[in-house]
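# A look at the structure
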Amino acid sequence: MMFSCCTMDRFVLSLCCIIVVCNGNIINLNVYKDVIIQQHNEFRTTEYAASMNRLAWSDRLANEAAHWVDKCRFEHENGGRGENIFFSNYKQNTRDLILAGLDDWHEERSTWRWTNGDCGFACHYTQMIWGNTTRVGCAAKQCGLLYDKGRLVKNTFFMACYYDPKGNIMGFYPFEIGPSCTKCPAGFKCDRLLCKSVYDMPTKTLAPKSRISTEKPMISTEKPRISTEKPRTTTPPAPSKTPSSTAACTDRLDSCKSWKRSCSTNQAVRISCPKTCNQCNPWAQPQNLQATSVPCEDDKKYVSSCNYWAKLNYCKHNQLMREVYCIKTCKTCY
């Protein structure tokens, strides 16, 4: 609601005008929370981090973010949590706008340098990959008018994601450098290159214990019958080549489907995506070995960051960087 007072010269008449602006509705992001969590965790797996926690959704943080975006003010609330905000006035579907916001935050990576012990101009990126963070909740609103540093922007998609514990603590590096999961904190276990809280692990349902009978077995007094028939010879079944562990074979990365074309030429993809690459059976071979060819190019999504990662020696220490994302920069293809 905005107020405007109008006066007319030489008249004692003054008119106070009240202008009511219909400022949009909150968008339910619960249906997109899996997309938000998956994208965050995929970004986090690309870091050379020894203790990078896997993020999980928080309804509490989502509700707090919804309370803030409802105000349609493009600024940080500074409420003691990690806070990332984004707006766009492009006409796209909600899912694409969410992914555009997440990509926009992550692209700050190319500008970030660890120099003064702070996040500089890449605070959205550093919050996304802050190793100690375990929870995220997001909310969005379609604002009729969004207040942005003294100006009003019409018809905007405004999104905020809140994080806990918060990151961007002055003087601290976002995460501890080292091979994935080598320094997971107490109470966490490695889950697809990230440290996951044991409380977020699926619980196993125990089968009910069988009752022990106290009855004495009955002893038969009948004499055993002696059969005069010749024993039948049966051919034992051929041993199965499929190991029993096949049923538990799963991909280690959420993005394995997008790497399927690289199964035949990229060993790292086959190791990380055994189910997608048909490697659950050790006797199986990658499909279409001769027909598949992968160009020697860095992944388009990370091409702008590969040179920076190479300077940090990621090619040597991070197999995912070396054999999937930055194969040209790391010189692992020809």
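Residues numbered from 1 in each chain as written. Predicted model: local features only at pLDDT ≥ 70, side-chain atom pairs only at ≥ 80, totals over all residues. Heavy atoms only, no water.

- You'll find the protein chain entered in an unreviewed UniProt entry as ShKT domain-containing protein, with Patella caerulea given as the organism.

### Thoughts on the pattern of salt bridges
- On inspection of all chains with the given rule, the structure shows 13 salt bridges.
- Residue E47 pairs with R109 through a salt bridge whose shortest N-O separation is 2.8 Å. With a gap of 62 residues between them, E47 in the loop between α1 (33–45) and β4 (56–57) and R109 in the loop between α3 (94–106) and α4 (123–128) connect regions that are remote in the sequence.
- In this structure, the salt-bridge partner of R81 is E64, at a minimum N-O distance of 3.0 Å. Here E64 lies in helix α2 (residues 59–69) and R81 lies in the loop between α2 and β5 (82–88), a separation of 17 residues in the sequence.
- It is possible to trace a salt-bridge network through shared partners that takes in R60, E64, E77, R81, E83 and D164. (Salt bridge = Lys/Arg side-chain N within 4 Å of Asp/Glu carboxyl O. Helix = DSSP H or I, 4+ residues; strand = E, 2+ residues; numbered from the N terminus.)

### So, the pairing of strand β8 (residues 188–191)
- Taken together, the four bridges between β8 and strand β9 (residues 194–197) define a ladder with antiparallel strand orientation. Directly across from D191, in β9, lies its bridge partner L194.
- Counted between consecutive antiparallel strands, the loop separating β8 from β9 contains two residues, among which R192 sits at a positive phi close to 55°. (Pairing = 2+ DSSP bridges.)

### Concerning unusual backbone geometry
- Here the bond from D164 into P165 is cis, since omega is -10°, no more than 30 degrees from zero.
- Mapped onto the secondary structure, P165 falls in the loop between β7 (151–164) and β8.
- Even without a glycine there, the phi angle at N168 is positive, about 55°.
- Relative to the assigned elements, N168 resides in the loop between β7 and β8.
- Under the relative-accessibility criterion, N168 is labelled partly exposed at 28%.
- Backbone geometry at L193 places phi at a positive 75°, although glycine is not the residue there. (Buried < 20%, exposed > 50% of the residue type's maximum accessible area, 1.4 Å probe, protein only.)

### Concerning the environment of Y147
- Here Y147 is to be found in strand β6 (residues 135–148).
- With a relative accessible area of 30%, Y147 lands in the partly exposed category.
- Linking Y147 and K71, residues 76 residues apart in sequence, is a C-alpha distance of 9.0 Å.
- Sequence-distant contacts of Y147, defined by excluding residues within four places in its chain, comprise C72, R73, F74, E75 and L152.
- Among the polar contacts listed, one links the side chain of Y147 to the backbone nitrogen of G150, at a separation of 3.3 Å. (Contact = heavy atoms within 4.5 Å. Polar contact = N/O pair within 3.5 Å; in protein donor to acceptor, adjacent residues only side chain to side chain.)

### Section: α3
- Over its 13 residues, α3 extends 19 Å from the first C-alpha to the last, a length consistent with the 18 Å expected when each residue adds 1.5 Å.
- Those residues of α3 that are buried are in contact with β3 (26–27), α1, β5, α4 and β7.
- Measuring from the side-chain oxygen of the N-cap residue of α3 to the backbone nitrogen of R95 gives 3.2 Å; that N-cap residue is N93. (Expected span 1.5 Å × (residues − 1).)

### Examining the packing of aromatic side chains
- As enumerated under the stated definition, the model contains five aromatic pairs in all.
- Taking 5.3 Å as the distance between ring centres and 80° as the angle between the ring planes, the aromatic pair formed by Y173 and F175 counts as edge-to-face.
- The class of Y173 is partly exposed, set by a relative accessible area of 25%.
- Overall, F175 belongs to the buried group, its relative accessible area being 7%. (Phe/Tyr/Trp six-rings, centres within 6.5 Å; stacked < 30°, edge-to-face > 60°.)

### As for the packing of α1 against α3
- At their nearest, the axes of α1 and α3 sit 11 Å apart, and the two run at 25° to each other. With respect to their mutual orientation, α1 and α3 come out roughly parallel. The chirality of how α1 crosses α3 is right-handed. Packed against α1, whose contacting residues are V35, I36, Q39, H40 and F43, the element α3 presents R95, I98, L99, L102, D103 and H106 at the interface. (Axes fitted to C-alpha atoms, helices over the stretch in contact; angles between N-to-C directions. Parallel < 35°, antiparallel > 145°, perpendicular 65-115°, else oblique. Left-handed = near helix turned anticlockwise from the far one by under 90°.)

### Here we look at the state of the cysteines
- What the rule picks out here adds up to seven disulfides.
- With its sulfur 2.1 Å from that of its partner, C72 forms a disulfide with C143. What sets the handedness of the C72 and C143 disulfide is the S-S torsion sign, and at about -90° it is left-handed. Highlighted residues: C72 in the loop between α2 and β5 and C143 in strand β6, separated in sequence by 71 residues. Pair check on accessibility: C72 and C143 agree, each one buried.
- Disulfide pairing places C138 opposite C161 at an S-S distance of 2.0 Å. (Disulfide = S-S within 2.5 Å.)

### Considering the nonpolar core
- Ranked by internal contacts, the top residues of the largest apolar core, which has 50 residues, are W105, F157, W309 and Y325.
- Within the second largest apolar cluster, 16 residues are counted, among which are V69, I85, A139 and Y162. (Core = buried A, V, L, I, M, F, W, Y, C linked by side-chain atoms within 4.5 Å.)

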